[in-house]
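Each chain is listed here by its residues.
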Number of protein chains: 2
Amino acid sequence: MKIALDAMGGDFGPPHNIAGAKLALADNHHIEKLFLVGDEALLKAEVDAQGLSDRRVEIVHASQVVTMHDPATAAVRGKKDSSITVAADLVKRGESEAVVSAGHTGAAVAATTVKFRLLPGVERAGIASPIPNDHGICNLIDAGANPEAKPIHLLQYAIMGSVYARHVQGVPKPRVGLMSVGEEDSKGTEFTREVFALLRESNLNFKGNIEGHDLFESEIHVVVCDGFVGNVILKSCEATAKAMMKWLKRELMAKPVRKFGAMLAKGGFAAVKDRISADTYGGSPLLGVNGICIIGHGSSSPLAIKNAILAASEAIRHGVNPHIQDEIAKFDLAHA
Amino acid sequence: MKIALDAMGGDFGPPHNIAGAKLALADNHHIEKLFLVGDEALLKAEVDAQGLSDRRVEIVHASQVVTMHDPATAAVRGKKDSSITVAADLVKRGESEAVVSAGHTGAAVAATTVKFRLLPGVERAGIASPIPNDHGICNLIDAGANPEAKPIHLLQYAIMGSVYARHVQGVPKPRVGLMSVGEEDSKGTEFTREVFALLRESNLNFKGNIEGHDLFESEIHVVVCDGFVGNVILKSCEATAKAMMKWLKRELMAKPVRKFGAMLAKGGFAAVKDRISADTYGGSPLLGVNGICIIGHGSSSPLAIKNAILAASEAIRHGVNPHIQDEIAKFDLAHA
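Residues numbered from 1 in each chain as written. Chains lettered and ligands numbered in written order. Predicted model: local features only at pLDDT ≥ 70, side-chain atom pairs only at ≥ 80, totals over all residues. Heavy atoms only, no water.

Colleague: Even after reading the chapter, I still don't get the overall build of chain A, so can you show me in this structure?
Modeller: Along chain A, the regular secondary structure elements total 13 helices and 11 strands. Taken over C-alpha atoms, the radius of gyration comes to 20 Å for chain A, in line with the 20 Å a tight globule of 336 residues would show. Projecting the C-alpha coordinates of chain A onto the three principal axes gives extents of approximately 60 × 60 × 35 Å. A burial count over chain A gives 57% of its 336 residues as buried. Considering only contacts in chain A between residues 6 or more positions apart, those separated by 24 or more positions represent 72%. Carbon and sulfur atoms make up 53% of the accessible area of chain A, which amounts to about 13,500 Å² in all. Placing the 36 positive and 38 negative side-chain charges of chain A at their respective mean positions leaves the two points 4 Å apart. (Helix = DSSP H or I, 4+ residues; strand = E, 2+ residues; numbered from the N terminus. Rg over C-alpha atoms; globule rule 2.2 N^0.38 Å. Buried < 20%, exposed > 50% of the residue type's maximum accessible area, 1.4 Å probe, protein only. Contact = heavy atoms within 4.5 Å. Areas by Shrake-Rupley, 256 points an atom, 1.4 Å probe, with all protein chains shown as cover. Lys, Arg positive; Asp, Glu negative; His and termini not counted. Charge placed at Lys NZ, Arg CZ, Asp CG, Glu CD.)

Colleague: Whenever I open this one, empty space enclosed by the protein confuses me. Can you help?
Modeller: A water-sized probe, rolled over the atoms, reveals where empty space remains. Scanning the entire structure with this criterion turns up 3 cavities of 30 Å³ or more. Taken as a whole, the largest cavity holds about 70 Å³ of empty space. As for the largest cavity, its lining consists of B:Tyr164, B:Pro285, B:Leu286, B:Leu287, B:Gly288, B:Gly291, B:Ile292, B:Cys293, B:Ile294, B:Ala315, B:Val320 and B:Asn321. Among the secondary structure elements, those contributing two or more residues to the lining of the largest cavity are strand S10 (283-287), strand S11 (292-296) and helix H13 (320-334) of chain B. Classifying every residue of the lining of the largest cavity gives 9 nonpolar, 3 polar and no charged. The calculated volume of the second largest cavity comes to roughly 60 Å³. Every residue along the wall of the second largest cavity is listed here: A:Tyr164, A:Pro285, A:Leu286, A:Leu287, A:Gly291, A:Ile292, A:Cys293, A:Ile294, A:Ala315, A:Val320 and A:Asn321. Among the elements of the structure, strand S10 (283-287), strand S11 (292-296) and helix H13 (320-334) of chain A are those that each provide at least two residues to the lining of the second largest cavity. The residue inventory of the lining of the second largest cavity, partitioned by class, reads 9 nonpolar, 2 polar and no charged. (1 Å grid on protein atoms, 1.4 Å probe; cavity = no way out; pocket = protein on both sides within 12 Å on 5 of 7 lines; lining within 4 Å. Points joined across faces, edges and corners; volume = space filled by probe spheres on them. Nonpolar A, V, L, I, M, F, W, Y, C, P; charged D, E, K, R; others polar.)

Colleague: What's the story with the sheet that holds strand S1 (residues 2-6) of chain B in this structure? I'm lost.
Modeller: Residues and elements named next belong to chain B. Read from one edge of the open sheet, 11 strands run S3-S2-S1-S4-S11-S10-S5-S6-S9-S7-S8, paired in mixed fashion. Of all the strands in the sheet, the pair left with one neighbour each is strand S3 (57-61) and strand S8 (205-210). Ignoring which end each strand starts from, the neighbouring axes of this sheet average 25 degrees apart. In this structure, strand S2 (residues 33-38) lies alongside S3, joined through 5 bridges in parallel fashion. Note that in S3 the partner of valine 37 across the bridge is valine 60. (Pairing = 2+ DSSP bridges. Axes fitted to C-alpha atoms, helices over the stretch in contact; angles between N-to-C directions.)

Colleague: How should the confidence of the model for chain A be read in this particular structure?
Modeller: Close reading of the predicted structure is inappropriate where its pLDDT is low. In this model, chain A carries a mean pLDDT of 93, and residues with pLDDT of at least 70 account for 99%. Interface confidence for the predicted complex, given as ipTM, is 0.92, next to a pTM of 0.93. (pLDDT = per-residue confidence, 0-100.)

Colleague: Quick question: what am I supposed to make of the interface of chain B and chain A here?
Modeller: By a widely used convention, the size of an interface equals the accessible area lost when the partners come together. Facing 58 residues of chain B, the contacting portion of chain A comprises 59 residues. Summing the contributions of chain B and of chain A, the shared interface buries around 4,800 Å²; its carbon and sulfur component is 71%. Interface area lost by chain B to chain A is led by B:Phe228, B:Met244 and B:Trp247, which between them contribute 15%. Applying the counting criterion to the chain B and chain A interface returns 10 salt bridges. The tally of links between chain B and chain A comes to 12 residue pairs in polar contact (both at pLDDT 80 or more). Mapped onto the side of chain B that touches chain A, the elements with two or more residues apiece are helix H6 (190-201), helix H7 (212-217), helix H8 (227-253), helix H9 (256-264) and helix H10 (266-276) of chain B. At 21 residues, H8(B) tops the list of elements feeding residues into the side of chain B that touches chain A. (Buried area = accessible area lost by both parts, 1.4 Å probe. Salt bridge = Lys/Arg side-chain N within 4 Å of Asp/Glu carboxyl O. Polar contact = N/O pair within 3.5 Å; in protein donor to acceptor, adjacent residues only side chain to side chain.)

Colleague: Can you help me understand the pairing of strand S8 (residues 205-210) of chain A in this one?
Modeller: Look at any regular strand and the pattern is simple: side chains alternate between the two faces of the sheet. Residue and element names in this part refer to chain A. Counting buried positions along S8 yields 5 of 6 residues, so the element is predominantly enclosed. As judged from the 4 bridges shared by strand S7 (residues 175-179) and S8, these two strands associate in the parallel manner. When the bridges of S8 are listed, valine 176 appears paired with phenylalanine 206. Note on the crossover from S7 through helix H6 (residues 190-201) to S8: the handedness is right-handed. (Right-handed = clockwise from strand over helix to strand, strands pointing away.)

Colleague: Help me understand the packing of helix H1 (residues 13-27) of chain A against helix H2 (residues 40-49) of chain A, please; the structure alone is not making it clear to me.
Modeller: Describing two packed helices takes the angle between their axes plus the distance from one axis to the other. All names here are of chain A. One can describe the packing of H1 onto H2 by two numbers: an axis separation of 10 Å at closest approach and a directional angle of 50 degrees. Comparing their axes, H2 and H1 come out oblique. The handedness of the crossing between H1 and H2 comes out as right-handed. Of the residues in H2, those touching H1 at Pro14, Pro15 and Ile18 are Leu42, Leu43, Glu46 and Val47. (Parallel < 35°, antiparallel > 145°, perpendicular 65-115°, else oblique. Left-handed = near helix turned anticlockwise from the far one by under 90°.)

Colleague: Quick question: what am I supposed to make of the packing of helix H8 (residues 227-253) of chain A against helix H9 (residues 256-264) of chain A here?
Modeller: Residue and element names in this part refer to chain A. Running from amino to carboxyl end, H8 crosses H9 at an angle of 125 degrees, the nearest separation of the two axes being 6 Å. Viewed along their axes, H8 and H9 adopt a mutual orientation that is oblique. Each of Glu251, Leu252 and Met253 in H8 lies in contact with H9, whose residues at this interface are Arg258, Lys259 and Ala262. Tallied by class, residues from the contact of H8 with H9 come to 3 nonpolar, no polar and 3 charged.

Colleague: Looking at this structure, I do not really get the side chain of A:His104. What am I missing?
Modeller: All names here are of chain A. Inspection of the secondary structure puts histidine 104 in the loop between strand S4 (98-101) and helix H4 (105-116). Separated by 2.9 Å, the side chain of histidine 104 and the backbone oxygen of aspartate 70 make a polar contact. Among the polar contacts made by the side chain of histidine 104, one reaches the main-chain amide nitrogen of alanine 107 at a distance of 3.0 Å.

Written as structure tokens, this is what we have:
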């Protein structure tokens, strides 16, 4: 397997990316080649500093970086020699099988959509973000690739998310939900009611409208929404978890007896932190592009980078794209 | 003060409502009259069972209840003798100054919008939901009254939310944020960019786009979004907090030493639970209607009902509606 890592991406840049690469290489022997894409001098220095010496590593120079202040389109217009664009180009030229980036999400979406193109029949790519759930993993799609979605895009997200859950996560009949306000069919907006009708008519395992609590409690494998709502949900959930941990810490440190109790119980806190951490899941696939792109969290730790690289390796191994293409074609045929 | 409680509302119906009424009456001597609206026989029995004997209480019969399966419009069409409609009517006739309901949110919005009408110049009412924040209270408006909002509605929410924060919560210059994806001005959708332009041109203390983490961490007093997004945010935050507490409990109970530690630290858990609980805030005002309506959480405990009644009493005391009307008129005048 050959994977290209945007080694400049994420809030912590090369240090976390190189450390993550090292962890992934140590863990996965299917990786034949790991391209580290970015400023050559900087990456060489970091690779040396971290003592990463593995003949599977190859540094590929890119002179630019898309920063958080750039528009997403910079990846394909102003900054054509940016790390994400060069990484996507490696896939386009067949030198790599996947790209992994914890950088500017919009730029990763733009670069891979332009370089890989969309799979035949797919109208928009969507980010499938894995949420830890009482019954396994709930994939929220779209988590932010396409904030101005049309109903047909959400139907396609449901198809792509179901294929992903089936082929990569091994769920035989993925249960699909539509994020809305209120569980009755009639609840929601004109937009969600249109999506509801499309999903009901499809041959997907559609379970109707869902609400926030279903993300964590219900046996649901794919939840569709537009990219604005999906991104807001993800960030709100993350923010709530972070605020709670902070408040809990403050309260537990407020009195000696609590402090002592918290020390005894610390394994429990660590287990929950682990469970909810983006580190544990690592990367979200961008579904719908004709290639493999795994998007990491901006604040990715080395462990999160490692897991994003491993997610890319899983995606390569399971080859979901031909299945997505099939299912989209089947649907189009049935509705032609 | 005279307050009408939809005593049938909420997932737990009369028992929680009557218990909450009892707590509020014990706590607040400004209440001269508390109408308990609903099935007379049922309410009488519950009042007796709970030993509520207070000459300020008056049961007002309503033969119907809007259930969660009814459309919001049932309150003003099919079920005109429902508890929420009869409670709103008491305000309309001047017998009560406010209505409080933990029932069907859409029905409370519909009943009060039709019975009270909107304040002059206001195009849509919005629910201002209080979120506990590191710097005080962040009011999220609209939390679900109007899922299909137009940009002008969000501008009006910002105006109304600012008046509420200033007059009821005592914040001299409320800081206003727009919920979006990404903090740069250009981020978001066509819709949020239109709202952004309106807010920037206004004389509000507008701080730009905000994201999930700002709800808890930033000094921001009013956050505007459409009712679909607001409702999804609230429910996602609640669900995350609930899931975390559940997972934490499970992990802490998994080993004897953790269990013992958690017992010692339990005051800390209780403090955080208190902080994030809807019980502590109790009620969200519906801003923009020509009257006072406080909306409670469907799963309101007696404490939450009590706090919703006290929120109504605060709203009566501060009389924000004339101020909202003034600010809306000022804005209309400036842009005529």
